[in-house]
Amino acid sequence: MARKKIALIGGGQIGGVLAQLISLKELGDVILFDIVEDLPQGKTLDIAEASRIDGFDVSVKGTNSYKDIEGSDIVIITAGLPRKPGMSRDDLLVTNAKIMQQVAEGVKEFASNAFVIVISNPLDAMVTLFQKVSGIPHHKVMGQAGVLDSSRFSTFIAWELGVSVKDINAMVLGGHGDTMVPLVRYANVNGMPVMELLERKYGDAEKAKEVMKAMVDRTKMAGGEVVKLLKTGSAFYSPASAAVQMTEAILKDEKRVLPTCAFVKDQYGADGVYLGVPAVLGADGVEKVLEISLDEEETAALNNSINAVTTLVADMERLGF
Ligand code: APR
């Protein structure tokens, strides 16, 4: 069986880690594209030269030409500027929209049959724009945000409870911004509700709520926390890991249920918008959006998030994108 081909558009911090992780896992041949000359060639040469040590048999190459992404099975997009301290993801809108338009034209011309995972921010708007310009069907175009936001939430819960993060199931829905919705009520440790474990730990329901609120707030601000520490860019190890999990789900037809920025129609009170929802990822891309019941507070939070995404997309369209 021929090896799969994975194109990475953007050879910066996330692109470099993606190339290395995909090579280590031998998910397919990697082609790393960037507009900066020599950068993707240098990074991929460096990664390929570790192949004997790490024992991987895939080709890892860099390019400055879209032609080289021809025939890709998956395209992962990180092209665009990252945040600097004090910036919100939305502050990147105009700069990254211009870049995303060019990227979408390039992918449309040379890899229009690929599945596409967008990571560039502001995520929900960038996925919307990419799909509109490329014309690639909605179920094949998605964004990475929820896998990472959920992993951040799970990590904080594991630290707080002193248990393995592998046993935590917690999900974050909604847009990839300050309005994201960590689902507290459904968060569990191998089926046991996190809230009950917190109440037993503290012997006090109010204190448990306070501790949970602090974890929810930290999850919402987790990207900014990293930006503040790094000073020159944003998170890159964890977004790369998250996109690799989605890639693997599609390439291996795993039917993983992953929070994905997917096109939502008539579900969760949204109609025709890209939004973070639980999706089944398999050989057909986003195969299904799973809907679960939300209580009044969760519904209000999700509606608020849908409004934020819709407003940002409308702003982008008003600016001519
Ligand atoms: N086409 C292709 N690549 C481009 C273009 C373009 N038009 N414009 C810029 N790039 C490249 C840059 O040359 C750079 O190498 O995109 C890369 C971005 O890399 P970094 O600046 O290191 O940013 P990174 O940390 O990888 O984040 C990328 O993902 O999480 C988001 O907010 C983040 O939008 C940002 C994106």
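Residues numbered from 1 in each chain as written. Predicted model: local features only at pLDDT ≥ 70, side-chain atom pairs only at ≥ 80, totals over all residues. Heavy atoms only, no water.

Engineer: So, the pairing of strand β13 (residues 270-282): which residues are in play, and what are the values?
Structural biologist: With 11 of its 13 residues buried, β13 lies for the most part within the structure. Judged from the 11 bridges that link them, strand β12 (residues 256-267) and β13 form a sheet pairing that is antiparallel. Bridged to A262 within β13 is L275. Between β12 and β13, which pair antiparallel and follow one another directly, the connecting turn spans 2 residues, one of which, Y268, has a positive phi of 50 degrees. In this structure, β13 lies alongside strand β14 (residues 285-289), joined through 4 bridges in antiparallel fashion. Along β14, the bridge assignment pairs L281 with V286. (Buried < 20%, exposed > 50% of the residue type's maximum accessible area, 1.4 Å probe, protein only. Helix = DSSP H or I, 4+ residues; strand = E, 2+ residues; numbered from the N terminus. Pairing = 2+ DSSP bridges.)

Engineer: Mind laying out the pattern of salt bridges, listing which residues take part and the relevant values?
Structural biologist: According to the stated counting rule, one finds 15 salt bridges in the structure shown. Put simply, E248 and K25 hold a salt bridge, and the shortest N to O gap is 3.4 Å. Highlighted residues: E248 in helix α10 (residues 237-251) and K25 in the loop between α1 (13-24) and β2 (29-33), separated in sequence by 223 residues. The exposure class of K25 is partly exposed, given its relative accessible area of 43%. Residue E196 is joined to R200 by a salt bridge in which the shortest nitrogen-to-oxygen separation is 3.0 Å. Taken together, the residues E196 and R200, both in helix α7 (residues 194-202) and 4 residues apart, mark about one turn of the helix. A relative accessible area of 63% means that R200 is categorised as exposed. Linked through salt bridges whose partners overlap, the residues forming this network are K25, E248 and K252. (Salt bridge = Lys/Arg side-chain N within 4 Å of Asp/Glu carboxyl O.)

Engineer: Would you mind going over the nonpolar core in detail, with residue names and values included?
Structural biologist: Counting 84 residues, the largest nonpolar core has L18, I76, I77 and F130 as the members making the most contacts within it. Viewed by domain, this core spans two of them, domain 1 (5-145) and domain 2 (146-321), each represented by three or more residues. Those residues in contact with I77, other than ones at most four positions away along the chain, are I9, M100, V103, V116, I117, V118, I119, S120 and F130. Counting residues in hydrophobic clusters, the runner-up holds 20 residues, among them A158, M180, M212 and A222. (Core = buried A, V, L, I, M, F, W, Y, C linked by side-chain atoms within 4.5 Å. Domains from an automatic or database assignment. Contact = heavy atoms within 4.5 Å.)

Engineer: So what's going on with the packing of aromatic side chains? Which residues, and what values?
Structural biologist: Inspection of the entire model under this criterion finds 4 aromatic pairs. Measuring from centroid to centroid gives 5.8 Å for F156 and W159, while their planes differ by 50 degrees, and the two rings are tilted. Taken together, the positions of F156 and W159, both in helix α6 (residues 146-161) and 3 residues apart, correspond to about one turn of that helix. Since its relative accessible area comes to 58%, W159 is described here as exposed. Here the basic side chain of K140 rests over the ring of F115, its NZ or CZ set 4.9 Å away from the ring centre. Above the plane of the ring of Y202 lies K207, whose end atom (NZ or CZ) is 5.4 Å from the centre. (Phe/Tyr/Trp six-rings, centres within 6.5 Å; stacked < 30°, edge-to-face > 60°. Lys NZ or Arg CZ within 6 Å of the ring centre and 35° of its normal.)

Engineer: Mind laying out the site of the ligand, listing which residues take part and the relevant values?
Structural biologist: Neighbouring residues of the ligand: 22 residues in total, closest Q13, I14, D34, T78 and Q102. Here an oxygen atom of the ligand sits 3.0 Å away from a polar atom, N or O, in the main chain of L81. Between the ligand and N96 there is a distance of 3.4 Å, counted from an oxygen atom to a side-chain nitrogen or oxygen. Protein coverage of the free-state accessible area of the ligand, which is 730 Å², stands at 88%. Those elements that place two or more of their residues in the shell around the ligand are α1 and α4 (93-110). Classifying every residue of the shell around the ligand by side-chain character gives 11 nonpolar, 10 polar and 1 charged. (Near = heavy atom within 4 Å. Polar contact = N/O pair within 3.5 Å; in protein donor to acceptor, adjacent residues only side chain to side chain. Areas by Shrake-Rupley, 256 points an atom, 1.4 Å probe, with all protein chains shown as cover. Nonpolar A, V, L, I, M, F, W, Y, C, P; charged D, E, K, R; others polar.)

Engineer: Lay out the domain arrangement of the chain in plain terms, naming residues and giving numbers.
Structural biologist: Domains assigned within the chain are domain 1 (5-145) and domain 2 (146-321). The distance between the C-alpha centroids of domain 1 and domain 2 comes to 22 Å. Contacts between domain 1 and domain 2 engage 44 residues on the former and 49 residues on the latter. With both sides pooled, the region where domain 1 packs onto domain 2 buries about 3,900 Å², and carbon together with sulfur makes up 72% of that total. For the domain 1 face of the interface with domain 2, the top three residues by lost area are R89, D124 and A145, together amounting to 16%. Connecting domain 1 to domain 2 are 1 salt bridge. At 9 residues, the largest contribution of residues to the side of domain 1 that touches domain 2 is made by helix α5 (residues 123-134). Split by residue class, the side of domain 1 that touches domain 2 holds 26 nonpolar, 9 polar and 9 charged. (Buried area = accessible area lost by both parts, 1.4 Å probe.)

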